[in-house]
Amino acid sequence: MLKSARKREKNDEGRMPLVDHLRELRNRLLKSVIAVAVAVIVAAFFQKDIFEFLMRPILESVGCAQGQLVTRDGRPCADMTTNGLLSPFTIALKVALMTGVLVATPVWLYQLWAFVAPGLHKKEKRYALGFAALGVPLFVLGGYVAYTILPQTAEIMLSFTPEGAKNLLPLDDYLDLITRMVIVFGLAFELPLLLILLNFTGVLTGRRMLHWWRGMIIGLTAFAAIATPGGDPLSMLLLAGPLAVLYFIAVGVSLLNDRRRQFTNPDRGLSNDEASELDLTPEAIGAVEPVPSAPALPEQADGGRSQRLNGSGYDDIT
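Remember, it's a predicted structure, so these values are computed and weren't measured experimentally. (Residues numbered from 1 in each chain as written. Predicted model: local features only at pLDDT ≥ 70, side-chain atom pairs only at ≥ 80, totals over all residues. Heavy atoms only, no water.)

**Q** How should the overall build of the protein be read in this particular structure?
**A** A tally of regular secondary structure across the protein gives 12 helices and two strands. Looking at the protein residue by residue over its 318 residues, the buried ones come to 30%. A separation threshold of at least 6 residues defines the contact pool for the protein, and within that pool the share at least 24 residues apart is 73%. Carbon together with sulfur atoms contributes 65% to the accessible area of the protein, which is approximately 21,700 Å² in total. (Helix = DSSP H or I, 4+ residues; strand = E, 2+ residues; numbered from the N terminus. Buried < 20%, exposed > 50% of the residue type's maximum accessible area, 1.4 Å probe, protein only. Contact = heavy atoms within 4.5 Å. Areas by Shrake-Rupley, 256 points an atom, 1.4 Å probe, with all protein chains shown as cover.)

Right under this line is the structure:
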């Protein structure tokens, strides 16, 4: 049932009918869904441990102990709560689903790669596979940064609590917050990989990206200020700092790639006209060959005079 359509019908150029493409897409999606479902089922047995791992930074920074309103150092604290009878079940399901999608990332990424790869050239396959291999660690790094700045963000946000008030943090809202932060930070850490991809495909040069460094620093700082929930300088720097470092790493890799491309170019140092593959050098013209004349028709034997004379012996023109 899940047999690939490409294995049933081979083509040297990788061409397939539209129906086979749709069948291939269905098989790839079904395999991805099965992998996610298995990971979700396994994560459901460990959802309490996973949720404790997610709650640990908040509880250690702003968690209340024995009903107190403030922590030992006098900062406002908060209690994690659930609302409604079905809330604990929906939270456990959400944790298992989020964990299953993350754990099954290598599987569904490979299925996506396997569906797209036959339409790429050999060089494009090598680039795409390398970028996919680097994309997962960068996304995980961004998620880890989001996880580490949560305590500082919670402390700053709860510092605005009025005196004597009790902070109650719904667990479902906290899960939505951490999910958004992980996704935003993970995608932000993919920026240098996108720049390197544009450089390898010839869209951007390393020199041009280096020329943009001032605007990129300002843009990354503004993005960090918007992406961090608290908006505090520490959280903003924890996001903008690694992004700036990754940006300059991408610029360095692009400059090295441009230098390598220029060094391996046999036409380096030539102008566009000189490096053209067209040979515009004029060639010598050989001897002129005589063109054989066509045989004369019977009415042309006398030079066509019989057609020009009328019965009186004069030309028609006269």
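Back to the write-up after that little detour.
**Q** How should the packing of aromatic side chains be read in this particular structure?
**A** The geometry of an aromatic ring pair is captured by two quantities: the separation of the ring centres and the angle between the planes. Scanning the entire structure with this criterion turns up two aromatic pairs. Note on F53 and Y147: the rings are 4.8 Å apart at their centroids and 10° apart in plane angle, and the pair reads as stacked. Highlighted residues: F53 in helix α3 (residues 47–62) and Y147 in helix α6 (residues 122–158), separated in sequence by 94 residues. Relative to F248, the ring of Y247 has its centre 5.4 Å away and its plane inclined at 65°; by these criteria the two rings are edge-to-face. With relative accessibility at 37%, the residue F248 sits in the partly exposed group. (Phe/Tyr/Trp six-rings, centres within 6.5 Å; stacked < 30°, edge-to-face > 60°.)

**Q** What is the right way to look at helix α5 (residues 105–116) in this model?
**A** Given 3.6 residues to a turn, an α-helix orients residues that are three or four positions apart in the same direction. Spanning 12 residues, α5 covers 17 Å between terminal C-alpha atoms, matching the ideal 16 Å at 1.5 Å per step. Those residues of α5 that fall on the buried side of the exposure criterion are T105, Q111 and A114. (Expected span 1.5 Å × (residues − 1).)

**Q** Would you mind showing me how to read the side chain of S32 here?
**A** Tracing the chain through its elements places S32 in helix α2 (residues 18–45). Looking at S32, the relative accessible area reads 12%, which means it is buried. In contact with S32, not counting residues within four places along its chain, are W108 and Q111.

**Q** Would you explain the environment of L243 in this entry?
**A** As for its placement among the helices and strands, L243 is situated in helix α11 (residues 233–263). The class of L243 is buried, set by a relative accessible area of 2%. Linking L243 and I217, residues 26 residues apart in sequence, is a C-alpha distance of 8.9 Å.

**Q** Explanation requested: helix α10 (residues 213–227) in the structure shown.
**A** If you check α10, its first and last C-alpha atoms are 20 Å apart, about what 15 residues at 1.5 Å a residue would give, namely 21 Å. Among the residues of α10, those classed as buried are L220, A224 and A227. Projected down its long axis, α10 carries its buried residues within an arc of 70°, all on one side. Residues R214, I218 and I226 are exposed on α10 and point more than 90 degrees away from its buried face. (Arc of directions from axis to C-beta.)

**Q** Which parts of the structure should I look at to understand the layout of surface pockets?
**A** Over the atoms rolls a probe the size of a water molecule, and its path tells where empty space is left. In this model, the largest pocket occupies a volume close to 1,400 Å³. Lining the largest pocket are 43 residues, and of these T105, L109, G135, V136 and F139 lie nearest its centre. Contributing elements (two or more residues each) for the lining of the largest pocket: α3, α4 (87–103), α5, α6, α7 (171–188) and α8 (191–200). Considering every element that reaches the lining of the largest pocket, the biggest residue donor is α6, with 14 residues. Considering only residue class, the lining of the largest pocket consists of 34 nonpolar, six polar and three charged. Space inside the second largest pocket adds up to approximately 290 Å³. Lining the second largest pocket are 13 residues, and of these A154, M157, L169, Y174 and L177 lie nearest its centre. (1 Å grid on protein atoms, 1.4 Å probe; cavity = no way out; pocket = protein on both sides within 12 Å on 5 of 7 lines; lining within 4 Å. Points joined across faces, edges and corners; volume = space filled by probe spheres on them. Nonpolar A, V, L, I, M, F, W, Y, C, P; charged D, E, K, R; others polar.)

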